[in-house]
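# Chains, contacts and geometry: an overview
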Amino acid sequence: MSVYQMPADAQYVPLESNFKYVKERTIEPLKGKSGWWKYHLTVCATDHSLGITEVILKSDMETIYQGVNKVIPKGDCSYYGAVMKARDGKSLGYKIIQTHEAVDSILAFKQGKPGVSLNDVSRYRFILNIY
């Protein structure tokens, strides 16, 4: 397991989401590049192994979909991030799709339940190799 050390000038942003497995979130401006930000998440499986299908990183200017399809063993952590374009670092956010949520969405779509996006289901099926 590697350790991420926060640079001295990095801004620590307290957790703003209810996803209890995100233990650290850092945002720092990219030096010499106005409007670009380094964005890092530390996700830890504290009470059980954690299956993650996708990590979505958002800003006021772009959305990045990271297909993960990974199980984090209990007691371990995994690190996600990107360099993102944003007008303001405070606009950076995330959404983590756990494997059980992706499978539930696929099943709901197959059953014709409303509120499930074809784009989301298509991405989940591709990431999880469900055809």
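Predicted model, so just to flag it, every value in this text is computed and none were measured.

## Some thoughts on the sheet that holds strand E5 (residues 63-72)
Read across the sheet, 3 strands follow the order E5-E4-E7 without closing on themselves; strand pairing throughout is antiparallel. Only two strands of the sheet have a single partner each, and these edge strands are E5 and strand E7 (93-98). Between one strand and the next, the sheet's axes are offset by a mean angle of 20°, whatever the strand orientation. Where strand E4 (residues 50-58) lies against E5, 8 bridges are found, and the strand directions are antiparallel.

## A word on the state of the cysteines
For the coordinates displayed, the defined rule picks out 1 disulfide. With its sulfur 2.0 Å from that of its partner, cysteine 44 forms a disulfide with cysteine 77. Where cysteine 44 bonds to cysteine 77 through sulfur, the torsion about that S-S bond is close to 100°, and the disulfide is right-handed. Of this pair, cysteine 44 sits in strand E3 (residues 36-44) while cysteine 77 sits in strand E6 (residues 77-85); the two residues are 33 residues apart in sequence, bridging distant segments of the chain. Cysteine 44 sits in the buried class, given a relative accessible area of 9%.

## Here's the deal with the packing of helix H1 (residues 99-110) against helix H2 (residues 118-128)
The N-to-C vectors of H1 and H2 enclose an angle of 125°; their axes lie 9 Å apart at closest approach. Classified by the angle their axes make, H1 and H2 are oblique. In the packing of H1 onto H2, the handedness of the crossing is left-handed. Note on element contacts: H2 touches H1 through Leu118, Val121, Tyr124, Arg125 and Leu128, opposite Thr99, Ala102, Val103, Ser105, Ile106 and Phe109.

About the cut-offs
- Residues numbered from 1 in each chain as written.
- Predicted model: local features only at pLDDT ≥ 70, side-chain atom pairs only at ≥ 80, totals over all residues.
- Heavy atoms only, no water.
- Pairing = 2+ DSSP bridges.
- Helix = DSSP H or I, 4+ residues; strand = E, 2+ residues; numbered from the N terminus.
- Axes fitted to C-alpha atoms, helices over the stretch in contact; angles between N-to-C directions.
- Disulfide = S-S within 2.5 Å.
- Buried < 20%, exposed > 50% of the residue type's maximum accessible area, 1.4 Å probe, protein only.
- Parallel < 35°, antiparallel > 145°, perpendicular 65-115°, else oblique.
- Left-handed = near helix turned anticlockwise from the far one by under 90°.
- Contact = heavy atoms within 4.5 Å.

Remember, this is a structural readout, not a statement about activity or role.
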